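Examination of the molecular architecture
Okay, here's what each chain looks like letter by letter:
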Amino acid sequence: YIYCDEIDLCADTVLATLYAAKKYIVPHLARACVNFLETSLSAKNACAELALRSEGFCDIDAQTLESILLRETLNAKEMVVFEAALNWAETECQRQDLVPTIENKRLVLGKAIYLIRIPTMALEDFANGAAQSGVLTLNETNDIFLWYTASKKPDLLFCTKPRKGLSPQRCHRFQSCAYRSNQWRYRGRCDSIQFAVDKRVFIAGFGLYGSSCGSAEYSAKIELKRQGVPMAQRIIKYFSDGSSSTFLVWFDYPVQIEPDTFYTASVVLDGNELSYFGQEGMTEVQCGKVTFQFQCSSDSTNGTGVQGGQIPELIFYA
């Protein structure tokens, strides 16, 4: 019997947790893992590849493997997907008391091999990796090479369309923006806002304003905290073209945000001080099925609050 009131999932443990949840029949834990995978395997960056390369990936059952390989929103290099499937196949051979030969790896993969979108790999990745792995038949290897290069392409059992991935969403908290002739001064001070959501999301970055008097480059230190504890931080440069558009800056990895808890989004900007700032801020913003709530942050020492200021957008996956 397993009881779990709260569990922290991350990319390198979620698959092992899912395996344990299924083995010991803990439905709510399995659902939490699947919910995590729905988003973390769809992220813009390396979250998917971290999960695919984790030891836990080899512990999943064949049905879960197929459900992951089927995902249209799985956003990882297809070469990484292929390598992960081979690693899983080696472990599956051991589970079935089979010698982990190339032939047996292909045997335990079965039809799942065709869920890997091998023709969407970079040609170099295919030539140096999948084509020399021995897992593909000579006919399959030949046909895929022809598919890359020939004007008349052969029919393949493999899907030839790249995965679509999952588009990030934007929560915009201001109804208008402006600029003043006396500028928005930064001088190393922090612009910060607190937010909470009613459903689990993954914050991937912020949308920030830029210069209001022509193009300029900015340096931004972006940070996400929960109850004062840093969860993600990055120093990044971005280019502003002088428009009132927002410019996207990304964390290294999306950060899992739990519902009904306030988090703090902060930025310290360095660049042209004549910049845009938001006005007519909203305390509540509906973004699809997710509701964001905003409140002022005590970390904000540069004038940003709910009604106006910086950090106009939160970029997220849901």
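Okay, so let's go over this structure. Worth saying up front: this structure is predicted, and the values here are computed from it rather than measured.

Glancing now at the overall build of the protein chain. Broken down by element type, the protein chain carries eight helices and 12 strands. In the protein chain, buried positions account for 50% of the 318 residues. The contacts in the protein chain between residues at least 6 apart in sequence include a share of 77% that link residues at least 24 apart. Split by element, the accessible area of the protein chain, about 15,700 Å² in all, is 49% carbon and sulfur. Side-chain charges in the protein chain split into 31 positive and 36 negative, and the spacing between the mean points of these groups amounts to 4 Å.

Turning our eyes to something else, we now look at the sheet that holds strand E5 (residues 216-226). Spatially, E6-E5-E8-E3-E11-E10 is the arrangement adopted by the six strands of the open sheet, whose pairing is antiparallel. Only two strands of the sheet have a single partner each, and these edge strands are strand E6 (229-240) and strand E10 (284-287). Pairwise comparison of adjacent strand axes, ignoring direction, gives a mean angle of 25 degrees for this sheet. For strand E3 (residues 191-197) and strand E8 (residues 263-270), the ladder comprises five bridges, and the chain directions are antiparallel. Looking at E8, one finds that Asp-191 is bridged to Val-267.

It is worth spelling out the pairing of E6 at this point. In this sheet, E6 lies alongside E5 in antiparallel orientation, the contact comprising 11 bridges. Looking at E6, one finds that Lys-221 is bridged to Ile-235. Adjacent in sequence and paired antiparallel, E5 and E6 are bridged by two residues, among which Gln-227 carries a positive phi angle near 50 degrees.

Our focus in this paragraph is helix H5 (residues 78-95). Residue pairs three or four apart in sequence face the same way in an α-helix, which turns once every 3.6 residues. The end-to-end C-alpha distance of H5, which contains 18 residues, comes to 26 Å, matching closely the 26 Å that a straight helix rising 1.5 Å per residue would cover. Counting buried positions along H5 gives 13 out of 18 residues, so the element sits mostly inside the fold. In the segment just after H5, Asp-97 is the residue with positive phi, at about 55 degrees.

Throughout the structure, instances matching the rule amount to 11 salt bridges. With its nearest N and O atoms 2.8 Å apart, the salt bridge here joins Glu-92 to Arg-95. One end of the pair is Glu-92 and the other is Arg-95, both in helix H5 and three residues apart, which spans about a single turn. The exposure class of Glu-92 is buried, given its relative accessible area of 12%. Between Glu-140 and Arg-106 there is a salt bridge, with the nearest N and O atoms lying 2.9 Å from each other. Note that Glu-140 is positioned in helix H8 (residues 138-149) and Arg-106 in helix H6 (residues 102-109), a separation of 34 residues in sequence.

The next point concerns the nonpolar core. Leu-52, Phe-57 and Ile-118 are the most contacted members of the largest nonpolar core, which totals 42 residues. Apart from residues no more than four positions distant in its own chain, Ile-118 is found in contact with Glu-78, Phe-82, Phe-126, Ala-130, Leu-136, Ile-144, Tyr-148 and Phe-158. By size, the runner-up hydrophobic cluster in this structure holds 38 residues, among which are Leu-208, Tyr-263, Val-267 and Phe-316.

Pairing is antiparallel across the open sheet formed by four strands, whose spatial order is E1-E12-E4-E7. The sheet is open, and its two borders are formed by strand E1 (169-172) and strand E7 (247-257), each paired with just one other strand. Taking each pair of neighbouring strands and ignoring which way they run, the sheet shows an average axis angle of 25 degrees. Here strand E4 (residues 201-208) runs beside strand E12 (residues 313-317); their pairing, made up of five bridges, is antiparallel. Opposite Gly-207, over in E12, you have Glu-313 as the bridge partner.

What follows concerns unusual backbone geometry. Glycine aside, a negative phi is what most residues show, and trans is what most peptide bonds show. At Arg-187, a position not held by glycine, the phi torsion is positive, near 50 degrees. Positive phi, normally seen in glycine, also occurs at Glu-280, with a value near 55 degrees. Assignment of secondary structure puts Glu-280 in strand E9 (residues 277-281).

For the rest of this paragraph, the subject is the packing of H5 against H6. Relative to each other, H5 and H6 sit at 95 degrees, their axes nearing to 9 Å. In terms of orientation, H5 and H6 fall into the roughly perpendicular class. Listed contacts from H6 to Ala-85, Leu-86, Trp-88, Ala-89, Glu-90, Glu-92 and Cys-93 of H5 are Asn-104, Lys-105, Val-108 and Leu-109. Partitioned by chemical class, the residues of the contact of H5 with H6 number seven nonpolar, one polar and three charged.

Below, the discussion takes up the pairing of E4. Within E4, eight of the eight residues are buried, leaving the element largely enclosed by the surrounding structure. Summarising the sheet, E4 and E7 pair through seven bridges and their orientation is antiparallel. Within E7, the residue paired with Phe-206 across the bridge is Val-249.

How each quantity is defined
- Along every chain, residues carry numbers that run from 1 in the direction the sequence is written.
- Whole-chain, interface and lining totals are the exception, using all residues; otherwise, since this is a predicted model, local features are given only for residues with pLDDT of at least 70 and side-chain atom pairs are given and counted only at 80 or more.
- The side-chain values count all of the structure's non-hydrogen atoms but skip hydrogen atoms and water molecules.
- Counting from the N terminus, the helices are DSSP H or I runs at least four residues long and the strands are E runs at least two residues long.
- Partly exposed describes any residue whose relative accessible area lies between the buried limit of under 20% and the exposed limit of over 50%, with all areas from a 1.4 Å probe on protein chains only and scaled to the type maximum.
- Throughout, a residue-residue contact means that at least one pair of heavy atoms, one from each residue, lies within 4.5 Å.
- Under the convention used here, a 1.4 Å probe and the Shrake-Rupley method define accessible areas, while residue burial counts only the protein chains that appear.
- When charges are tallied, Lys and Arg are placed among the positive residues and Asp and Glu among the negative ones, while His and the ends of the chain are skipped.
- For the purpose of locating charges, the reference atoms are NZ of Lys, CZ of Arg, CG of Asp and CD of Glu.
- Two strands are said to pair when DSSP picks up at least two bridges between them.
- Each axis is a line fitted through C-alpha atoms, taken for helices only over the stretch in contact, and angles between the N-to-C directions span 0 to 180 degrees.
- Here, expected helix span is obtained from the residue count minus one, scaled by 1.5 Å.
- Note on definitions: salt bridges are taken to be side-chain nitrogens of Lys or Arg within 4 Å of carboxyl oxygens of Asp or Glu.
- For this analysis, a nonpolar core means a set of buried residues of the types Ala, Val, Leu, Ile, Met, Phe, Trp, Tyr and Cys, connected via side-chain atoms within 4.5 Å.
- With respect to orientation, any angle under 35 degrees is reported as roughly parallel, any angle over 145 as roughly antiparallel, any angle of 65 to 115 as roughly perpendicular, and every other angle as oblique.
- Gly is put with the polar residues, along with every residue not named as nonpolar or charged; the nonpolar set is Ala, Val, Leu, Ile, Met, Phe, Trp, Tyr, Cys and Pro, and the charged set is Asp, Glu, Lys and Arg.

The quantities given are spatial measurements derived from coordinates; they are silent on function.
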